[in-house]
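A look at the structure
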Amino acid sequence: MALIEPEEFRLNKLRELRRLGVDPYGREFPGARPLGELVERFEKLQGETIRTAGRITNKRDMGRASFMDIKDWTGSIQVFFQQKRLGDEKFTIHQQLDAGDIIGVEGELALTRTGEKTIFVGEFTVLAKALLNPPEKWHGLRDQEMRYRHRSLDLFSNDEVLQTFLKRSLIIRAVREFLQERGFVEVETPMMQTVAGGAAARPFRTHHNALDIPLYLRIAPELYLKRLLAGGMEKVFEINRNFRNEGISSQHNPEFTMLEVYEAYGSYETMMELTQELVCHAARRACGSLEVPRGETEIDLTPPWPRRPFWELMEQHLGLRRGEEEAIRHMAEETQTQGARTEHPDLLAYRLFEKQVEDNLQDPVFVIEYPKSISPLAKAKKGDPEVAERFELYMAGMELAPAYTELNDPLEQERRFLEQVGTEEERQQIDREFVQALGWGMPPAGGLGLGIDRLVMVLTNRPSIRDVILFPLLRPPEGA
RNA sequence: GAGGGCGUAGCUCAGUUAGGCAGAGCAACGGACUUUUAAUCCGUAGGUCCUGGGUUCGAUCCCCAGCGCCCUCACCA
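The structure presented is a predicted model; accordingly, all values stated were derived computationally and were not measured.

Here we take up helix 11 (residues 310–318). Among the residues of helix 11, Phe310, Trp311, Leu313, Met314 and Leu318 are the ones counted as buried. Relative to the axis of helix 11, the buried residues are bounded by an arc of 160 degrees and lie together on one face. Close packing links the buried residues of helix 11 with strand 14 (307–309), helix 12 (325–334), helix 13 (345–357) and strand 15 (365–371). Remark: Gly319 follows helix 11 within two positions and exhibits a positive phi of approximately 70 degrees.

Dropping the structure here:
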């Protein structure tokens, strides 16, 4: 079975190139200058012989001469082929080129009669003959499914897609840089775990043949990073993938990138400071501003960000107060929230918050003082044993980050694991070795988890997580 | 998992008032053109109208089932 169906006219040109003794799939082409630089520094470079390479995006054939636009990931420029200049043989080779092909060129950089910055080609090399047509030059590639399934097409035909992913890389670099400058050490902990702990989510299961044991893809690195704290690594972070076997939506992909940070002797208070500075640093690097556009409006990241107790927002938006079990159950029923009659009211309140309050939180806000019963890994608040020292950072109507003052009392941790509310699937798996590590002593600490994909969504003004993940999970096409 | 929307040429999209020969632009092919800018002009070709059933003299269109993508909800971060 043929894997692709090449265009007949392109195959013909491929054969013609070979007949002319030209390899349609060239090799290394050293010394190519970025096209963006040629355009930006044109005044200086004008008149020089330039060597560069790119993909043909457009061809304007004039008979004994032709113009093409070529682009690379920095920009695009016009190139000009003339029979007079190239000679018959090279000109015939040039006639085998089409939009989508990748070529290397060498020639004088100058202005045309109409004032367009142009390379007047003297030599050129065919680097890759495309056998499939690129998307239409004017409208580009619009079809969502094609864009996600064939990201290579999406990247070279929709410039803002490339820019988004370049920015993603910049953001992650800024995050690393920020933490490393403050003395945090980057570590890697297991992606495959025998107990999938550290969060409440359904894991992916797999199996190790040699050991003949079940394994889980991790849902969070938290319990391993805290083992490192217990071992004396005082400031650690990890940027890596988590896997959760849950639904897919514009805010959820089964694998997503998480930053987790732990600081010995810190607390959720120190994590708030750190988070605020970290996000602002990334925003300045990626956007050059703390006011970032969001759809029709914009989000103001200027610190300090307000801190609002969970129950204060619940009362403001929903009129619900802590301890009003019947009122909470009633609203949960009205909004068809799962477990309205059976679940713990704190859990219902948390679900109502996500359902009814979250969308209102556009500018950044630290929601603080969550119920302890739904925070099994967080230390209780001094003077209020029912409240956890936990915050969640919200912006753009999304939860970006949770953070805790980490619980370091092993007996209390054991109790809290056993007392968790919710159904079996929602409760965290109990990691015995982690509790043992606490038993040998872990310093009090602040811990943060920040969803990198969602941060990128905010800083690049993208509405869907699929726009910031290069290859989001899709159902495989029929026949695959 | 539930509801809604969409699926037509390589790409972007029309279209079927109310069932009656399948359309445009771009890309392609042949021709003209040695400074064009979505080049232009003349000509040509291009289809599983998502898939499978049903109704009908006749279905791309109506009905049923299925598949995929998008949106909303549920689950979750």
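Next comes the rest of the write-up.
Remark: helix 8 (residues 159–181) packs on helix 10 (residues 268–287), axes separated minimally by 9 Å, with the N-to-C direction vectors making an angle of 140 degrees. As summarised for this structure, helix 8 and helix 10 are arranged oblique, according to the angle between their axes. Like other packed secondary-structure pairs, helix 8 and helix 10 cross with a definite hand, here right-handed. Of helix 10, the residues touching helix 8 (which contributes Lys167, Leu170, Ile171, Ala174, Val175, Glu177, Phe178 and Leu179) are Leu274, Glu277, Leu278, His281, Ala282, Arg285, Ala286 and Cys287.

In this section: the pairing of strand 13 (residues 297–300). Pairing of strand 12 (residues 291–294) with strand 13, which is carried by four bridges, proceeds in the antiparallel orientation. By the bridge assignment for strand 13, Arg294 is matched with Thr297. Count of turn residues in the strand 12/strand 13 antiparallel hairpin: two residues, of which Gly295 carries a positive phi of about 60 degrees.

Another point: the protein's contact with RNA strand B. The immediate surroundings of RNA strand B are formed by 53 residues, with Asn58, Thr114, His252, Lys355 and Arg475 found nearest. Separating a phosphate oxygen of RNA strand B from a side-chain N or O atom of Arg64 is a distance of 3.3 Å. Between a phosphate oxygen of RNA strand B and a side-chain N or O atom of Lys355, the distance comes to 3.0 Å. Among the secondary structure elements, those contributing two or more residues to the surface near RNA strand B are helix 1 (8–19), strand 1 (49–61), strand 2 (65–72), strand 3 (75–82), helix 6 (144–149) and helix 13. The element best represented in the surface near RNA strand B is helix 6, accounting for five residues. Grouping the constituent residues of the surface near RNA strand B by class yields 14 nonpolar, 15 polar and 24 charged.

Pro303 connects to Pro304 through a cis peptide bond whose omega is 0 degrees. Notably, Asp212 is not glycine yet its phi reads approximately 50 degrees, a positive angle. Positionally, Asp212 belongs in the loop between strand 8 (205–208) and strand 9 (213–217). Given the relative accessible area of 56%, Asp212 is considered exposed. Although it is not a glycine, Asn461 adopts a positive phi angle of roughly 55 degrees. Within the secondary structure, Asn461 is located in the segment after helix 16 (452–460).

Moving on, we come to the sheet that holds strand 8. The antiparallel open sheet is built from three strands, whose spatial order is 7-9-8. At either margin of the open sheet sits one strand with a lone partner, and together these are strand 7 (192–193) and strand 8. In this sheet, strand 9 lies alongside strand 7 in antiparallel orientation, the contact comprising two bridges. For Met192, the partnering residue across the bridge sits in strand 9 and is Leu217.

The next thing to look at is the side chain of Asp98. Its place among the elements puts Asp98 in the loop between helix 5 (88–94) and strand 4 (102–111). Residue Asp98 is classed as buried on the basis of its relative accessible area of 6%. In this structure the side chain of Asp98 is engaged in a polar contact, spanning 2.6 Å, whose partner is the side chain of Lys13.

All right, on to a negative patch on the surface then. Residues Glu291, Glu298, Asp300 and Asp363 make up a contiguous surface patch of negative charge. Within the secondary structure, Glu298 sits in strand 13.

Okay, the sheet that holds strand 1 next. Taken together, the five strands give a closed barrel; going around it, the order is 1-2-3-5-4, and neighbouring strands pair in mixed fashion. Ignoring which end each strand starts from, the neighbouring axes of this sheet average 55 degrees apart. One ladder, built from seven bridges, connects strand 1 with strand 4; its direction is antiparallel. Each bridged residue has a counterpart across the sheet, and for Thr52 the counterpart in strand 4 is Val105.

Here we come to the side chain of Asn242. With respect to the secondary-structure elements, Asn242 resides in strand 10 (residues 235–243). At 3.2 Å, the side chain of Asn242 and the side chain of Arg218 are in polar contact. A polar atom in the side chain of Asn242 sits 3.3 Å from the backbone oxygen of Ile219. Excluding anything up to four places from it in sequence, Asn242 contacts Arg218, Ile219, Ala220, Pro221, Pro254, Glu255, Phe256 and Met258.

Across the nine residues of strand 18 (residues 398–406), eight count as buried, placing the element largely inside the fold. Across six bridges, strand 17 (residues 384–395) lies against strand 18 in antiparallel orientation. Paired with Arg390 across the bridge in strand 18 is Tyr404. Connecting strand 17 to the antiparallel partner strand 18 that follows it, the hairpin turn spans two residues, and Ala396 within it adopts a positive phi of roughly 55 degrees. Of the pairings in the sheet, the one linking strand 18 to strand 19 (residues 445–451) comprises four bridges and is antiparallel in character. Within strand 19, the residue paired with Glu406 across the bridge is Ala445.

This model, assessed by the stated rule, comprises 38 salt bridges. Note that Glu145 and Arg149 form a salt bridge whose closest N and O atoms lie 3.0 Å from each other. Of the two residues, Glu145 and Arg149 both sit in helix 6, four residues apart, roughly one turn of that helix. Owing to a relative accessible area of 46%, Glu145 belongs among the partly exposed residues under this scheme. The residue Arg307 makes a salt bridge to Glu269 at a minimum N-O spacing of 3.0 Å. One end of the pair, Arg307, is in strand 14; the other, Glu269, is in helix 10, with 38 residues separating them in the sequence. Given a relative accessible area of 38%, Glu269 falls into the partly exposed group. The structure contains a network of salt bridges with shared partners spanning Arg10, Lys13, Lys59, Asp98, Asp101 and Lys129.

Parameters at a glance
- Residues numbered from 1 in each chain as written.
- Chains lettered and ligands numbered in written order.
- Predicted model: local features only at pLDDT ≥ 70, side-chain atom pairs only at ≥ 80, totals over all residues.
- Heavy atoms only, no water.
- Buried < 20%, exposed > 50% of the residue type's maximum accessible area, 1.4 Å probe, protein only.
- Helix = DSSP H or I, 4+ residues; strand = E, 2+ residues; numbered from the N terminus.
- Arc of directions from axis to C-beta.
- Contact = heavy atoms within 4.5 Å.
- Axes fitted to C-alpha atoms, helices over the stretch in contact; angles between N-to-C directions.
- Parallel < 35°, antiparallel > 145°, perpendicular 65-115°, else oblique.
- Left-handed = near helix turned anticlockwise from the far one by under 90°.
- Pairing = 2+ DSSP bridges.
- Near = heavy atom within 4 Å.
- Polar contact = N/O pair within 3.5 Å; in protein donor to acceptor, adjacent residues only side chain to side chain.
- Nonpolar A, V, L, I, M, F, W, Y, C, P; charged D, E, K, R; others polar.
- Patch = residues over 30% accessible without salt bridge, like charges linked within 9 Å, V, L, I, M, F, W, Y side chains within 5 Å.
- Areas by Shrake-Rupley, 256 points an atom, 1.4 Å probe, with all protein chains shown as cover.
- Salt bridge = Lys/Arg side-chain N within 4 Å of Asp/Glu carboxyl O.
- Lys, Arg positive; Asp, Glu negative; His and termini not counted.
- Charge placed at Lys NZ, Arg CZ, Asp CG, Glu CD.

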